[in-house]
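Coordinates in review
Below, each chain spelled out in residue letters.
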Amino acid sequence: QQQNVLLGLRNAFNASGFMFRDEWARVIPGWQEGILDWISTNAALGLVHQEQFPTVGVIDVGGASTQIAYPTTHVGPLPEAATTGNSTTIVPLGNGMYFVRLVNNVSHTLYSISRINYGKNRALKYVVSHDVDGTAPTPILGNSE
């Protein structure tokens, strides 16, 4: 199903007249989705432009998964990829931590994690399938009392 969606997107963009390459349409991993959620949220709040400003963490509850990303600190030397260049860069540091340098050369260290099956649709499916006697309260279905 995922490949069919990608194929449809690629066909539509290729026929649109926009500059497009097939490799630009891809499914990103959950940790990267968490980082991009964090960047877009903090950019919208005006918090990522300078390093000394505090930023906010994000929790993105999707249909099948949940992504969590928040700022943290990294102790130790950074990999060379984190110290060279001037474009947006995401460098894995290990243990769910990532060095993120933005186009304005401001950098942040983030923790990002993705959990499949922790999205709202999967949670609802689990609750409904395990609600044998019809008494399990859920925020979506309401309380049966």
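Everything below is about the structure printed above this text.
Quantities reported herein were computed from a predicted structural model and do not represent experimental measurements. Each chain has its residues counted from 1, following the order in which its sequence is written. Note on the predicted model: pLDDT of at least 70 is required for a residue's local features to be given, and 80 or more for side-chain atom pairs to be given and counted; whole-chain, interface and lining totals, by contrast, use all residues. Note: side-chain values were computed over all heavy atoms of the structure, leaving out hydrogens and water.

Two strands are counted as paired when DSSP detects at least two bridges linking them. The way it works is that DSSP assigns letters per residue, a run of H or I at least four long becomes a helix, a run of E at least two long becomes a strand, and they are numbered from the N terminus. Read from one edge of the open sheet, 5 strands run S1-S2-S5-S4-S3, paired in antiparallel fashion. Looking at the sheet topology across the chains shown, the edges are occupied by strand S1 (58-61) and strand S3 (89-94). Going across the sheet, the axis of each strand differs from the next one's by a mean of 25°, ignoring polarity. By the bridge criterion, 7 bridges tie strand S2 (residues 65-71) to strand S5 (residues 107-116) in an arrangement that is antiparallel. Note that in S5 the partner of Ile68 across the bridge is Ile113. Only C-alpha atoms enter the line fits that serve as axes; for helices the fit covers just the stretch in contact. Angles between N-to-C directions range over 0 to 180 degrees.

Before going further, it helps to spend a moment on the environment of Val91. Examined against the element boundaries, Val91 turns out to sit in strand S3. Taking the C-alpha atoms as reference, Val91 lies 9.1 Å from Leu78; in sequence the two are 13 residues apart. Once residues lying within four places of it in the same chain are set aside, the contact partners of Val91 are Pro79, Ala81, Ala82, Met97, Tyr98 and Phe99. By definition, residues are in contact when any of their heavy atoms lie within 4.5 Å.

Alignment of S1 against S2, held across 4 bridges, turns out to be antiparallel. Counted as the bridge partner of Asp60 is Gln67 from S2. Linking S1 back to S2 in an antiparallel pair, the connection comprises 3 residues.

Before going further, it helps to spend a moment on the nonpolar core. Ranked by size, the top nonpolar core spans 10 residues in total: Ile35, Trp38, Ile39, Val48, Val58, Ala69, Tyr98, Val100, Leu102 and Leu110. For this core, the secondary structure elements donating two or more residues are helix H2 (30-44) and strand S4 (97-101). Sequence-distant contacts of Ala69, that is, excluding residues within four places in its chain, are made with Gly34, Ile35, Trp38, Gly57, Val58, Tyr111 and Ser112. Val91, Leu93, Met97 and Phe99 belong to the second-largest nonpolar core, a separate cluster that totals 5 residues. We call a set of buried Ala, Val, Leu, Ile, Met, Phe, Trp, Tyr and Cys residues a nonpolar core when their side-chain atoms join them within 4.5 Å. Each residue's exposure class comes from its accessible area (1.4 Å probe, protein chains only) as a fraction of the maximum for that residue type: buried when under 20%, exposed when over 50%, partly exposed otherwise.

So, about the side chain of Thr89. With respect to the secondary-structure elements, Thr89 resides in strand S3. With sequence-adjacent residues up to four places away left out, Thr89 is seen in contact with Ala81, Phe99, Val100 and Arg101.

Okay, the environment of Tyr70 next. Among the secondary structure elements, Tyr70 is positioned in strand S2. Accessibility expressed as a relative area gives 36% for Tyr70, which makes it partly exposed. Taking C-alpha positions, Tyr70 is 6.7 Å from Ser112, a pair spaced 42 residues apart along the chain. The contacts of Tyr70, once residues within four sequence positions are left out, are Trp38, Gly57, Thr109, Leu110 and Tyr111.

Our focus in this paragraph is the packing of aromatic side chains. Paired rings are identified among Phe, Tyr and Trp, the last through its six-membered ring, by centres lying within 6.5 Å, and are further divided according to the angle between planes into stacked (under 30 degrees), edge-to-face (over 60) and tilted (the rest). This model, assessed by the stated rule, comprises 4 aromatic pairs. With 4.5 Å between their ring centres and 5° between their planes, Trp31 and Tyr98 make a pair best called stacked. You can see Trp31 sitting in helix H2 and its partner Tyr98 sitting in strand S4, a full 67 residues away along the chain. Residue classification places Trp31 among the partly exposed positions, given a relative accessible area of 28%. Among the residues examined, Tyr98 registers a relative accessible area of 9% and is labelled buried.

With respect to the element layout, Asn42 can be found in helix H2. Engagement of the side chain of Asn42 in a polar contact is seen with the backbone oxygen of Trp38, the distance being 2.9 Å. Sequence-distant contacts of Asn42, that is, excluding residues within four places in its chain, are made with Leu47, Val48, Thr55 and Val56. Polar contact is defined as a pair of N or O atoms within 3.5 Å, subject to the rule that within protein one atom must be able to donate a hydrogen and the other to accept it, and that residues adjacent in sequence are counted only when both atoms are side-chain atoms.

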